[in-house]
Amino acid sequence: MDDKIVILTGAGISAESGLGTFRDENGLWTRYDLEEVATPEGFARNPDFVHDFYNARRANCAGAEPNAAHAALARLEREYPGEVVIVTQNVDDLHERAGAARVIHMHGALSGALCAACGHRWPAPPAMQTADTCPACAAMATRPDVVWFGEIPYHMDAIMGHLASCSRFAAIGTSGEVYPAAGFVQLATETGAHTVELNLEPSSVVSTFAETRYGPATKVVPGWVSDILAPV
Ligand code: APR
């Protein structure tokens, strides 16, 4: 077991940056039908509507700033003597804009575009349109490079390898409602890692965590990072 910390983040870490969450009161899935905007079938039925949805989220993200929780994780990555790996379910770039260098986006990223015809990837423009063509194969098959329900999350082999060799696992700002991410705490526990949930309220998988700390991420995460970095 290496001296490695694996941190899983969810929408809750970006909530105080104004990006909202999915399942809280007024969350995205209370205002949109996820079948319509976060499935391949929904995209096939109405690509314009789905592009508009992600164009709005891309604009929100561009107008948002990283918060103290993102900054604290970037500090931990800089100052911790062992390895720190951030695995995020979020498609925003606030971890990177806070200075984190090792961020694995298991659900893809708003900053990426993907060609559904040839698999080419390129930096997404601020707004994507159905009529856009792929810069590599010219097919009119461009889509946001995000993972929709029913699709396979990205980088799972790497994530499994980190979970099998970590000494600490933390989940921050996630409801524990969506697998495979919600199962990571169990895998880390089986590795023998110390596990902690940092959230606004208990998640659906709270019973698996060895430690819990509740409160807004901008308060709880900096405190947790300071405790880890404190000289023993
Ligand atoms: N600080 C800390 N936690 C917060 C805050 C906050 N300020 N605000 C909300 N939370 C917590 C909520 O209590 C909730 O447990 O963040 C969690 C958000 O849960 P969800 O809205 O379900 O978001 P998430 O867990 O990231 O969803 C997982 O579902 O729809 C898919 O692909 C989407 O990546 C997303 C995945």
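Residues numbered from 1 in each chain as written. Predicted model: local features only at pLDDT ≥ 70, side-chain atom pairs only at ≥ 80, totals over all residues. Heavy atoms only, no water.

**Concerning the pairing of strand 2 (residues 83-88)**
Among the 6 residues in strand 2, 5 count as buried, and that is most of the element. Here strand 2 runs beside strand 3 (residues 103-105); their pairing, made up of 3 bridges, is parallel. Within the sheet, the bridge partner assigned to Val-87 lies in strand 3 and is Ile-104. (Buried < 20%, exposed > 50% of the residue type's maximum accessible area, 1.4 Å probe, protein only. Helix = DSSP H or I, 4+ residues; strand = E, 2+ residues; numbered from the N terminus. Pairing = 2+ DSSP bridges.)

**A word on unusual backbone geometry**
Of the consecutive residues Tyr-179 and Pro-180, the connecting peptide bond is found in the cis state with omega at 5 degrees. Position of Pro-180 relative to the elements: it lies in the loop between strand 7 (168-172) and helix 9 (184-191). Positive phi is not limited to glycine here, since Ala-138 has a value of about 70 degrees.

**Let's talk about empty space enclosed by the protein**
Counted according to the given criterion, the structure contains 1 cavity of 30 Å³ or more. Lining of the largest cavity is provided by Leu-8, Phe-169, Ala-171, Thr-174, Gly-176, Ala-181, Ala-182, Val-185, Glu-197, Ser-203, Val-205 and Phe-209. Along the lines of polarity and charge, the residues of the lining of the largest cavity split into 8 nonpolar, 3 polar and 1 charged. (1 Å grid on protein atoms, 1.4 Å probe; cavity = no way out; pocket = protein on both sides within 12 Å on 5 of 7 lines; lining within 4 Å. Points joined across faces, edges and corners; volume = space filled by probe spheres on them. Nonpolar A, V, L, I, M, F, W, Y, C, P; charged D, E, K, R; others polar.)

**A short note on the nonpolar core**
Ile-7, Leu-73, Leu-76, Val-221, Trp-224 and Val-225 are the most contacted members of the largest nonpolar core, which totals 24 residues. If one sorts the elements of this core by residue count, helix 10 (residues 217-229) sits on top with 7 residues. In this structure, Trp-224 is in contact with Ile-5, Ile-7, Leu-73, Leu-76, Ala-170, Val-196, Leu-198 and Arg-213, ignoring residues within four places of it in sequence. Val-6, Ile-104, Met-156 and Leu-163 belong to the second-largest nonpolar core, a separate cluster that totals 20 residues. (Core = buried A, V, L, I, M, F, W, Y, C linked by side-chain atoms within 4.5 Å. Contact = heavy atoms within 4.5 Å.)

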